[in-house]
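# Geometric and topological summary
For reference, the chains in residue letters:
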Amino acid sequence: MTIQEIQNEIIDEFSMFDDWEERYQYMIDLGKELPLIDDQYKTDSNLIKGCQSKVWVHAEMHDDKICFTADSDAIITKGIIAILIRVFSEQHPKDIIDSDTDFIDRIGLKEHLSPTRANGLVSMVKQLKMYAIAYQTQLN
């Protein structure tokens, strides 16, 4: 699936819920399904700066596509990174770099987060795109 198709799927899924309590529960459930980062990668260099909670992200390239794994010490944050990884993992670096993240606004996520969590969300997106830029540079 393309990044846009995955984003549209997430928008559809979030639209099934009537209120944000149900959406938060869904994010927590998504976090439980997150492809967990191997303990060896839970290092300071893999911590996302700018997050209130601890969020570790690791990226590897396989067949010109980036595979992300992650973990967090907070359940909501774990759900947020799970959504982002679902969108960006197994995608070509250039597609990640060129993609927009307007689906975040369309599901209303940013407006329902505390300011520090919203900043953390921006930091997570930025870090995933930085990995994509680094891997794209290797491909060029």
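Residues numbered from 1 in each chain as written. Predicted model: local features only at pLDDT ≥ 70, side-chain atom pairs only at ≥ 80, totals over all residues. Heavy atoms only, no water.

An unreviewed UniProt entry lists the chain under the name SufE family protein, with Snuella sedimenti given as the organism. Of the comments in the UniProt record for the chain, the one headed Sequence similarities (unreviewed entry) reads "Belongs to the SufE family." (UniProt positions renumbered as here; feature names shortened; annotations may be inferred.)

Another point: the pairing of strand 1 (residues 55–62). In terms of strand pairing, strand 1 meets strand 2 (residues 65–72) through 8 bridges, oriented antiparallel. Across the sheet, the residue bridging to Met61 is Ile66, located in strand 2. Taking the residues that link successive antiparallel strands as the turn, the strand 1-strand 2 hairpin has 2 residues, and the phi of Asp63 there is positive, at about 50°. (Pairing = 2+ DSSP bridges. Helix = DSSP H or I, 4+ residues; strand = E, 2+ residues; numbered from the N terminus.)

Let's shift gears to helix 3 (residues 75–88). Compared with an ideal rise of 1.5 Å per residue, which puts 14 residues at 20 Å, helix 3 spans 20 Å between its outermost C-alpha atoms and is within 8% of the ideal. Counting buried positions along helix 3 gives 11 out of 14 residues, so the element sits mostly inside the fold. (Expected span 1.5 Å × (residues − 1). Buried < 20%, exposed > 50% of the residue type's maximum accessible area, 1.4 Å probe, protein only.)

Further remarks concern the packing of helix 1 (residues 3–15) against helix 2 (residues 20–32). When two helices pack together, their arrangement is captured by the angle between the axes and the distance separating the axes. At a closest axis distance of 10 Å, the pairing of helix 1 and helix 2 adopts a crossing angle of 130°. Of the possible angle classes, the one that applies to helix 1 and helix 2 is oblique. Where helix 1 approaches helix 2, its residues Glu13, Phe14 and Ser15 are matched on the opposing element by Trp20, Arg23, Tyr26 and Met27. Grouping the constituent residues of the contact of helix 1 with helix 2 by class yields 4 nonpolar, 1 polar and 2 charged. (Axes fitted to C-alpha atoms, helices over the stretch in contact; angles between N-to-C directions. Parallel < 35°, antiparallel > 145°, perpendicular 65-115°, else oblique. Contact = heavy atoms within 4.5 Å. Nonpolar A, V, L, I, M, F, W, Y, C, P; charged D, E, K, R; others polar.)

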